[in-house]
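Analysis of the macromolecular model
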Amino acid sequence: ALAGAGGAELDWYLTRSQIQCQLGRYAEAAAGLQRGFELTGSAVLEVESIDAMIDAAQYEAALIKVEAALAETRWQGSWLVRRARIRLGKGEVAAGQQDLAGAIVEMNRRLNPAHPESGLLSERGFAYALLGDVGLAKRDLASAKRSGAEPVSLRRLELTLASQR
């Protein structure tokens, strides 16, 4: 019924998952987003389902999807951050930090200082936050907000910074 779903259907899946995540129900969010992806084919829902899987500590299942994306995509920064989150969650700190450093290098190459893209700033800030560099993470958060970032795109960065206080 939702095949070829438009924006309203996708928004419903995303809104529901955001509420579930705020309630700590990450596994439910991941399952709902995955179901939405299966019904709609939306890449946005697929990516959000992977993020929710990581939040739910479903590391092995998420890693399979992340590794597949890394093998196929040209821009790997966001996928390296996801793999780093998995590795850090599994206690593989050195490997996670290596992925984060690689993600930051790539994002630095992609960022246009004159017109920075808010999503890229947010993602780089998240990588800095995961590395414990609160100053650079806060700088990117402020820049992302000035660049018009949607509040939902800043959620993980803000939560990570809040946990480091």
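Keep in mind that this is a model prediction, so the values were computed, not measured.

Our focus in this paragraph is the layout of surface pockets. Space left empty within the atom packing is revealed by a probe, the size of a water molecule, rolled over the atoms. In this structure, the largest pocket occupies an estimated 800 Å³ of space. Lining the largest pocket we find 29 residues, and of these Glu48, Asp51, Arg82, Glu123 and Ser153 sit closest to its centre. When residues of the lining of the largest pocket are traced back to their parent elements, those giving at least two are helix H1 (7-22), helix H3 (43-55), helix H5 (77-89), helix H7 (118-131) and helix H9 (155-163). Here the lining of the largest pocket takes 6 residues from H5, the largest share from any one element. Split by residue class, the lining of the largest pocket holds 13 nonpolar, 7 polar and 9 charged.

Take the pattern of salt bridges next. Under the definition given, this model contains 16 salt bridges. Between Glu28 and Arg25 there is a salt bridge whose closest N-O contact spans 2.6 Å. You can call Glu28 partly exposed: its relative accessible area is 37%. Exposure remark for Arg25: the relative accessible area of 38% places this residue in the partly exposed category. Connected via shared salt-bridge partners are Asp51, Asp55, Arg82, Arg85 and Arg156.

It is worth spelling out H5 at this point. Taking 1.5 Å per residue, 13 residues should reach 18 Å; H5 reaches 18 Å between its end C-alpha atoms and fits that length. Across the 13 residues of H5, 10 count as buried, placing the element largely inside the fold. Within H5 the residues assigned to the buried category are Gly77, Trp79, Leu80, Val81, Arg82, Arg83, Ala84, Arg85, Ile86 and Arg87. Contact partners of the buried residues in H5: H3, helix H4 (59-72), helix H6 (93-110), H7 and H9. Phi turns positive, to about 85 degrees, at Gly91, one or two residues after H5.

Now for the packing of helix H2 (residues 26-40) against H3. As a packed pair, H2 and H3 sit with axes 8 Å apart at the nearest point and diverge in direction by 160 degrees. The pairing of H2 with H3 is recorded here as roughly antiparallel in orientation. Two packed elements cross with a definite hand, and for H2 against H3 that hand is left-handed. Across from Tyr26, Ala29, Ala30, Leu33, Gln34, Gly36, Phe37 and Thr40 in H2, the residues of H3 making contact are Leu45, Glu46, Glu48, Ser49, Ala52, Met53 and Asp55. Here the residues of the contact of H2 with H3 are counted per class, giving 8 nonpolar, 4 polar and 3 charged.

Another point: the packing of aromatic side chains. For the coordinates displayed, the defined rule picks out 1 aromatic pair. A ring pair is formed by Trp12 and Tyr13, whose centres lie 5.1 Å apart and whose planes are at 75 degrees; its orientation type is edge-to-face. According to the relative accessible area criterion, Trp12 is partly exposed, its value standing at 49%. Against the face of Trp79 rests Arg82, its NZ or CZ located 4.5 Å from the ring centre.

Each value, and the rule that gives it
- Residues numbered from 1 in each chain as written.
- Predicted model: local features only at pLDDT ≥ 70, side-chain atom pairs only at ≥ 80, totals over all residues.
- Heavy atoms only, no water.
- 1 Å grid on protein atoms, 1.4 Å probe; cavity = no way out; pocket = protein on both sides within 12 Å on 5 of 7 lines; lining within 4 Å.
- Points joined across faces, edges and corners; volume = space filled by probe spheres on them.
- Helix = DSSP H or I, 4+ residues; strand = E, 2+ residues; numbered from the N terminus.
- Nonpolar A, V, L, I, M, F, W, Y, C, P; charged D, E, K, R; others polar.
- Salt bridge = Lys/Arg side-chain N within 4 Å of Asp/Glu carboxyl O.
- Buried < 20%, exposed > 50% of the residue type's maximum accessible area, 1.4 Å probe, protein only.
- Expected span 1.5 Å × (residues − 1).
- Contact = heavy atoms within 4.5 Å.
- Axes fitted to C-alpha atoms, helices over the stretch in contact; angles between N-to-C directions.
- Parallel < 35°, antiparallel > 145°, perpendicular 65-115°, else oblique.
- Left-handed = near helix turned anticlockwise from the far one by under 90°.
- Phe/Tyr/Trp six-rings, centres within 6.5 Å; stacked < 30°, edge-to-face > 60°.
- Lys NZ or Arg CZ within 6 Å of the ring centre and 35° of its normal.

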